[in-house]
Amino acid sequence: MQNIIQLDPRDNVCVAVLPLHAGTRAECAGQALTTAEEITSGHKLALRDIGEGEHVIKYGASIGLATRNIRKGEHIHSHNLRTGLSGLLEYAYPGTPEPGKALPPRTFMGYMRPDGSAGTRNDIYIVPTVGCVNGTARTLARMASERFPNAADSFLALTHDMGCSQLGEDMECTRSLLAGLIRNPNAGGVLVLGLGCENNYVDSFRPYLKDCRAERIRFLVAQECEDEIERGMQLLEELAHLTARDRRCELPASYLTLGFKCGGSDAFSGITANPLCGRIADRLTAMGGKCILTEVPEMFGAEQILLDRCADLETFEAAVGMINGFKAYYIRHGQPIYENPSPGNKEGGITTLEEKSLGCIRKGGDAIVTDVLPMGGFVRRPGLSLLTGPGNDLISCTNLAAAGASLIVFTTGRGNPFCAPVPTVKLASNTPMASRKQNWIDYSAGALLESGDFDAEAERFMDYLLRVASGECLTRGEQNGSRGIALFRDGVIL
């Protein structure tokens with residue numbers, strides 16, 4: 001394995017694949033260099049001398065400006081590199097992109113739903129309208145799992161701390177997200193569990209469920225019955241009788257909706273795991289499937305690449321509105337737009353938001369952007385949809401599930417055990433972390449650092465994802481019971 005790699009011929013930096021001592025001789029892009037200092041694995045070093053104020057290029061694009069002269073072989077990080085981003089930007093639509101080639105269909109074994117969607121699981125969700133009944137929801141899920149062990153794939157209590165003391169758009173967002181989770185095709189049945197005095201009381205929440213299957217939803221208001229556990233178990237038994245009759249059938253991969261997320265990223269995330277996801281996005285959308293990319297702040301600095309792939313002017317304008325709207329959200333709260341990456345990202349070798357974003361959006365591959373969704377919106381069109389939402393791991397996973405993702409691929413370079421209610425495949429960016437955290441990681445892209453054969457690895461990974469979608473293997477999150485949700489909040493709490 002070579003010890004340094006250049007990601008794009010235009011780059012003036014390379015990345016250390018292995019830890020390098022000061023004075024290590026290496027060769028990259030046909031030129032030899034000697035490291036000027038110790039370089040941690042995943043961190044950058046200069047391929048040539050870079051002057052103060054000059055753009056530092058990685059992924060073939062600027063990731064910021066040198067804050068001083070940098071010598072060839074010198075470590076490049078936050079001590080000598082700063083973001084080049086500032087303020088709001090203007091964008092121009094370049095025109096309709098050329099469609100990609102269609103691919104022969106693949107299939108998986110899924111649960112066909114009456115609305116034309118397909119689930120990868122047949123779960124029963126218990127959805128509290130308010131956090132006050134979280135304990136009741138967990139008790140019901142545990143008891144139902146024991147009493148009806150073969151009726152559904154899982155009984156899941158989707159507990160959260162919202163649903164009361166919220167006002168206006170903030171409450172609307174909570175209701176829309178909960179409704180999206182209930183509408184997810186992996187939900188074979190749903191018990192909506194209310195308290196009775198909350199803002200999001202059951203009768204006010206019902207109108208948000210008009211697009212959901214009424215015959216698979218039951219409602220319970222805890223304050224209105226003498227024994228909410230007994231009544232809850234009766235309702236769950238009704239749902240269990242329905243889901244027990246559901247059967248998997250062979251379906252085209254076009255029925256899949258795949259969400260992409262990265263968290264606990266390192267410098268290899270944008271080199272191995274994220275571009276591997278991009279190959280999957282290209283394949284699935286070429287088969288007529290749906291993919292969803294979120295984490296809007298982690299598009300900042302790389303958004304033009306996505307904007308250039310918008311299917312039409314309307315989608316382009318919606319995408320610009322999403323980008324600038326999220327920047328305005330930062331400004332409204334008095335926060336710097338480009339205050340990113342996180343401390344863990346920086347320790348892993350990511351210096352600026354441009355660098356993080358350029359690696360992050362590689363999960364979308366070259367797929368055409370066909371739609372832009374608000375937070376709480378539900379996927380509508382084949383192709384790549386951009387979903388409004390933050391980069392926070394828990395919230396963005398929840399957003400993806402609420403938008404209709406029946407399977408999520410979550411790339412990570414440092415590890416993260418959190419999983420959404422839908423199967424969440426943890427894709428490692430490097431082999432050492434995957435080996436160390438086998439109880440978290442489902443699949444490793446680390447071998448790509450040595451082989452570089454993305455086409456072959458994409459075929460293997462696609463096969464694996466279709467097996468997960470078919471229920472042939474459970475993700476680590478499903479095995480560990482580490483599934484949950486977290487709802488976005490941006491408003492006054494009474």
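Look up: the structure comes first, before these words.
Conventions we followed
- Residues numbered from 1 in each chain as written.
- Predicted model: local features only at pLDDT ≥ 70, side-chain atom pairs only at ≥ 80, totals over all residues.
- Heavy atoms only, no water.
- Pairing = 2+ DSSP bridges.
- Helix = DSSP H or I, 4+ residues; strand = E, 2+ residues; numbered from the N terminus.
- Expected span 1.5 Å × (residues − 1).
- Buried < 20%, exposed > 50% of the residue type's maximum accessible area, 1.4 Å probe, protein only.
- Arc of directions from axis to C-beta.
- Axes fitted to C-alpha atoms, helices over the stretch in contact; angles between N-to-C directions.
- Contact = heavy atoms within 4.5 Å.
- Parallel < 35°, antiparallel > 145°, perpendicular 65-115°, else oblique.
- Left-handed = near helix turned anticlockwise from the far one by under 90°.
- Nonpolar A, V, L, I, M, F, W, Y, C, P; charged D, E, K, R; others polar.
- Polar contact = N/O pair within 3.5 Å; in protein donor to acceptor, adjacent residues only side chain to side chain.
- Core = buried A, V, L, I, M, F, W, Y, C linked by side-chain atoms within 4.5 Å.
- Phe/Tyr/Trp six-rings, centres within 6.5 Å; stacked < 30°, edge-to-face > 60°.
- Lys NZ or Arg CZ within 6 Å of the ring centre and 35° of its normal.
- Bend = angle between axes of the 7 residues up to and from the residue.
- Salt bridge = Lys/Arg side-chain N within 4 Å of Asp/Glu carboxyl O.

**Student:** Just to check I follow, could you spell out the sheet that holds strand 9 (residues 81-82) for this structure?
**Tutor:** Hydrogen bonds along the backbone pair up the strands of a sheet, which may run parallel or antiparallel. The 3 strands are arranged 6-7-9 in an open sheet whose pairing can be described as antiparallel. Since the sheet does not close on itself, it has two edges, and those belong to strand 6 (55-58) and strand 9, each with one partner. As judged from the 3 bridges shared by strand 6 and strand 7 (residues 61-66), these two strands associate in the antiparallel manner. Looking across to strand 7, one finds that I57 is bridged to S62.

**Student:** Is there a simple way to explain helix 1 (residues 134-147) in this structure?
**Tutor:** Across its 14 residues, helix 1 extends 20 Å between first and last C-alpha, which sits within 8% of the 20 Å expected from 1.5 Å per residue. Residues of helix 1 that are buried include every one of N134, T136, A137, L140, A141 and A144, and no others. Each buried residue of helix 1 lies within a common arc of 155 degrees when the element is viewed along its axis, so the set occupies one face.

**Student:** I keep staring at the pairing of strand 4 (residues 31-34) and nothing clicks. Help me out?
**Tutor:** Within a regular strand, the side chains alternate between the two sheet faces. Both strand 3 (residues 25-28) and strand 4 contribute to a ladder of 4 bridges, which runs antiparallel. The partner of E27 across the bridge, within strand 4, is A32. Where strand 3 folds back onto strand 4 in an antiparallel hairpin, the turn is made up of 2 residues, including A29, whose phi is positive at roughly 55 degrees.

**Student:** What is the right way to read the sheet that holds strand 13 (residues 155-157) from this model?
**Tutor:** Across the sheet, which stays open at both edges, the 4 strands sit in the order 13-12-14-15 with parallel pairing between neighbours. Looking at the sheet topology across the chains shown, the edges are occupied by strand 13 and strand 15 (217-221). Averaged over neighbouring strand pairs, the angle between their axes works out to 20 degrees when direction is ignored. As paired elements, strand 12 (residues 123-128) and strand 14 (residues 187-194) share 6 bridges and run parallel to each other. In the sheet register, D123 faces strand 14, and the bridge partner there is A187. In the packing of helix 1 onto the sheet, the strands contacted are strand 12, strand 13 and strand 14, and the crossing angle to strand 13 comes to about 170 degrees.

**Student:** What's the story with unusual backbone geometry in this structure? I'm lost.
**Tutor:** With phi around 65 degrees, S165 is a residue other than glycine that occupies positive phi space. Locating S165 in the fold gives a position in the loop between strand 13 and helix 2 (168-183). Of note, the phi angle at E295 is positive, near 70 degrees, even though the residue is not glycine.

**Student:** Explanation requested: the packing of helix 5 (residues 269-286) against helix 13 (residues 454-469) in the structure shown.
**Tutor:** Each packed pair of helices is defined by two parameters, the angle between the axes and the distance between the axes. For the pair helix 5 and helix 13, the least separation of the axes is 9 Å and the interaxial angle reads 70 degrees. When the axes of helix 5 and helix 13 are compared, the pair comes out roughly perpendicular. Relative to helix 13, helix 5 is oriented so that their crossing is right-handed. Residues I271, T272, P275, L276, R279, I280, R283 and L284 of helix 5 pack against F454, D455, E457, A458, E459, F461, M462 and L465 of helix 13. The class makeup of the residues in the contact of helix 5 with helix 13 is 10 nonpolar, 1 polar and 5 charged.

**Student:** Please explain the environment of K327 as it appears in this structure.
**Tutor:** Mapped onto the secondary structure, K327 falls in helix 7 (residues 313-332). For K327, a relative accessible area of 0% corresponds to the buried category. Sequence separation of K327 and P297 is 30 residues, and the distance between their C-alpha atoms is 7.8 Å. For K327, the side chain forms a polar contact with the side chain of Y91, separated by 3.3 Å.

**Student:** Honestly, the nonpolar core in this entry has me stumped. Any pointers?
**Tutor:** A general feature of soluble globular proteins is that nonpolar side chains tend to end up buried together. If you look at the biggest cluster of nonpolar residues, it comprises 74 residues, and the most contacted ones within it are L258, F260, L427, F461 and L465. A per-element tally of this core places helix 13 first, with 9 residues. Apart from the residues within four sequence positions on either side, L258 is in contact with I280, L284, K290, C291, I292, L407, I408, V409 and L465. Among the nonpolar cores identified, the runner-up in size contains 40 residues, and V127, I408, F410 and F488 belong to it.

**Student:** Honestly, the packing of aromatic side chains in this entry has me stumped. Any pointers?
**Tutor:** Geometrically, a pair of aromatic rings is defined through the distance of the ring centres and the angle of the planes. Enumeration according to the criterion identifies 11 aromatic pairs in this entry. Relative to Y329, the ring of F326 lies with its centre 5.1 Å away and its plane at 70 degrees, an arrangement referred to as edge-to-face. Taken as a pair, F326 and Y329 lie in helix 7 at a separation of 3 residues, close to a single helical turn. The exposure class assigned to F326 is buried, which follows from its relative accessible area of 5%. The structure contains a cluster of three or more aromatic residues connected by ring pairs, namely F300, F326, Y329, Y330 and F488. Positioned above the aromatic ring of F219, the side-chain terminus of R206 is 3.9 Å from the ring centre.

**Student:** Quick question: what am I supposed to make of the pairing of strand 17 (residues 257-262) here?
**Tutor:** Where burial is concerned, most of strand 17 is hidden: 6 out of the 6 residues are buried. Burial along strand 17 is two-sided: T257, G259 and K261 facing one way and L258, F260 and C262 facing the other are all buried. Pairing between strand 17 and strand 18 (residues 290-293): 4 bridges, direction parallel. Bridge assignment links T257 to a residue of strand 18, and that residue is K290.

**Student:** It is not clear to me how helix 5 should be interpreted in this structure. Could you clarify?
**Tutor:** Since the α-helix turns once every 3.6 residues, residues separated by three or four places project in the same direction. The first and last C-alpha atoms of helix 5 sit 24 Å apart over 18 residues, in line with the 26 Å expected at 1.5 Å per residue. Along its length, helix 5 shows its largest kink, about 30 degrees, at P275. Across the 18 residues that make up helix 5, a large majority, 16, are buried. G288 occupies a position one or two residues after helix 5 and carries a positive phi of about 95 degrees.

**Student:** Help me understand the pattern of salt bridges, please; the structure alone is not making it clear to me.
**Tutor:** Oppositely charged side chains can form a pair if their charged atoms are brought close together. Counted under the stated rule, the structure contains 28 salt bridges. The salt bridge partner of R71 is E74, with a shortest N-O separation of 3.8 Å. Taking the shortest distance from any N to any O, the salt bridge between E172 and R175 comes out at 3.6 Å. Placement of the pair is E172 and R175 together in helix 2, with a separation of 3 residues, close to one helical turn. Classification of E172 as partly exposed rests on a relative accessible area of 35%. Among the residues examined, R175 registers a relative accessible area of 10% and is labelled buried. Shared partners join several salt bridges into a network, and the residues in it are R106, R279, R283, D455, E459 and D463.

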